2 protein chains.
Amino acid sequence: MRSYNQYCAVAKALDVIGDRWTLLIIRELTLRGPSRYTDLRRGLPGIATNLLAERLRELERTGILAREEAPPPVATALFSLTERGAALAPVLDALGLWGVSYMTEGPEPGDEFRAHWLAWPVDMFLRDADPDGAPVTIELDTGDDPVLARLDAGEITVQPGRGEIADVRISGEPHPVLGLLTGALDIAQARDAGVTVEGRAEILDRLQPAPA
Amino acid sequence: MRSYNQYCAVAKALDVIGDRWTLLIIRELTLRGPSRYTDLRRGLPGIATNLLAERLRELERTGILAREEAPPPVATALFSLTERGAALAPVLDALGLWGVSYMTEGPEPGDEFRAHWLAWPVDMFLRDADPDGAPVTIELDTGDDPVLARLDAGEITVQPGRGEIADVRISGEPHPVLGLLTGALDIAQARDAGVTVEGRAEILDRLQPAPA
DNA sequence: CCGCATCCGGGGCGATACTG
DNA sequence: CAGTATCGCCCCGGATGCGG
């Protein structure tokens, strides 16, 4: 991107990551870890393939990510964040916490959704009401790849769920699932909105709205 | 800007503030408070006038800032952040702290500078080594409008200096002034780089590199 | 002087097609 | 699967004009 030519920390940061799609690419690598080109494409609906390729080239040049030629069993390149790239997590967090307010009304027409994007709403809205309880996992199934929300020692984390068996499984459209998680909907209301809850539903009582 | 059409908190945030120049406009309003159009222009060297006008219109429409028609004595409009706009401060902080690493080598050819942009480097690099000491002020004079760094109760804040008399005054080129503040240069080295220190220079001993 | 609006050239972006 | 190639368009940058 064209430089702002300002000797200012914010402007210098934007010189590097201010291009369109750039921060969303870093979002994918932050949430999903080292990823293949095709996985990045799936997590970035709407991006043009040439733009993704060009951004990856530029981000490699500026030391934000690294391209690793994976060993023969995989036989494809993996893109992963460098230390400098991973240090952008606080930027994503601040943006995500600010942007969550735009999600409460539900998706706009044409919006795409991937379950792992729930990381920020969950982090924003939820706490574990029973920090001393046993670790439990909640599978969230909203159409694409399922993700697991883990409650452990009072912390809630969201990560791609790789075939693990969860204690409770929630499936349905993104907006009512989010509503159920945040407490905007109770289980009965969520069912009316097409959400199904399987397994130990009482675990959901451990989800507590985060303090404002 | 064109929407990413992703039901994701980060993408929704970027839909609103992802346009070029937008976050820098919010930077100016955050650092300087309610500002006139011309003051914004001075703090945003390189921006085209039509772009500034268009961004201000759009940011007003999305509820990030408000235009106040100032009473007759001023006879000009003031732009100020709304609550939602002010809530972007953590985003600027995260970006600024990440971007500071690009400033240590000094400005690139053609870089413009405004003293109030020092807020992030100071916040990043400095602590008050004598939290119980009396409040003191340091005037930083780097060519444009001077700013005041206040040390009070262990906190360091940077704000535009409005005619106040400071305990010590540092003037010179931005990079060596920054070097002196951060401890990369001692006073003798800074003088060699054209920096002048007037007043109670011993106050600078209270500046302590921030813990990594 | 302040606060824009208008015009125009160039480049970044978006969509699709194509290839090893 | 992992990109490259191409093309139209719109956003951006820079200059100028202009009413209050």
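Residues numbered from 1 in each chain as written. Chains lettered and ligands numbered in written order. Predicted model: local features only at pLDDT ≥ 70, side-chain atom pairs only at ≥ 80, totals over all residues. Heavy atoms only, no water.

## Topic: the protein's contact with DNA strand C
Convention followed: Being near a molecule or strand, for a residue, means having at least one of its heavy atoms within 4 Å of it. Any N or O atom pair separated by 3.5 Å or less is treated as a polar contact, with the protein-specific requirement of one donor-capable and one acceptor-capable atom, and with residues adjacent in sequence counted only for side-chain atom pairs. Only runs of H or I of at least four residues qualify as helices and only runs of E of at least two qualify as strands under DSSP, and these elements are numbered from the N terminus.
Neighbouring DNA strand C are 20 residues, the closest being A:R20, A:R55, B:R2, B:R57 and B:T76. Taken together, the sugar and phosphate atoms account for 70% of what DNA strand C places within 4 Å of the protein. Side-chain polar atom of A:R20 to a phosphate oxygen of DNA strand C: 2.4 Å apart, as the coordinates give it. Interatomic distance of 2.7 Å between a side-chain N/O atom of B:R2 and a phosphate oxygen of DNA strand C. At the level of secondary structure, the elements contributing two or more residues to the surface near DNA strand C comprise α4 (49-61) of chain A together with α3 (37-43), α4 (49-61) and β2 (77-81) of chain B.

## Focus: the relation of the copies chain B and chain A
Rules: Residues reaching a pLDDT of at least 70 in both copies supply the C-alpha atoms on which the copies are superposed by least squares.
For the pair chain B and chain A, the best superposition has an RMSD of 0.0 Å and corresponds to a rotation of 180° with a translation of 0.0 Å parallel to the axis. Both chain copies can therefore be described as sitting about a two-fold axis. Scanning chain B for the C-alpha nearest the rotation axis identifies B:V91, at a separation of 3.0 Å.

## Some words on empty space enclosed by the protein
Residue and element names in this part refer to chain A. Test applied: The method works on a 1 Å grid over the protein atoms by themselves. A cavity is a set of points holding a 1.4 Å probe that cannot get out, a pocket is an open set with protein on both sides within 12 Å along at least five of seven lines, and residues with an atom within 4 Å of a point line them. Grid points are joined across faces, edges and corners, and a volume is the space filled by probe spheres set on the points. Classification convention: Asp, Glu, Lys, Arg as charged; Ala, Val, Leu, Ile, Met, Phe, Trp, Tyr, Cys, Pro as nonpolar; all other residues, Gly among them, as polar.
Evaluation of the coordinates by the stated rule reveals one cavity of 30 Å³ or more. By volume, the largest cavity amounts to about 40 Å³. The wall of the largest cavity is formed by V122, L126, I138, L140, A149, L151, I156, L181 and L207. When residues of the lining of the largest cavity are traced back to their parent elements, those giving at least two are β4 (136-141) and β5 (147-152). Tallied by class, the residues present in the lining of the largest cavity amount to nine nonpolar, no polar and no charged.

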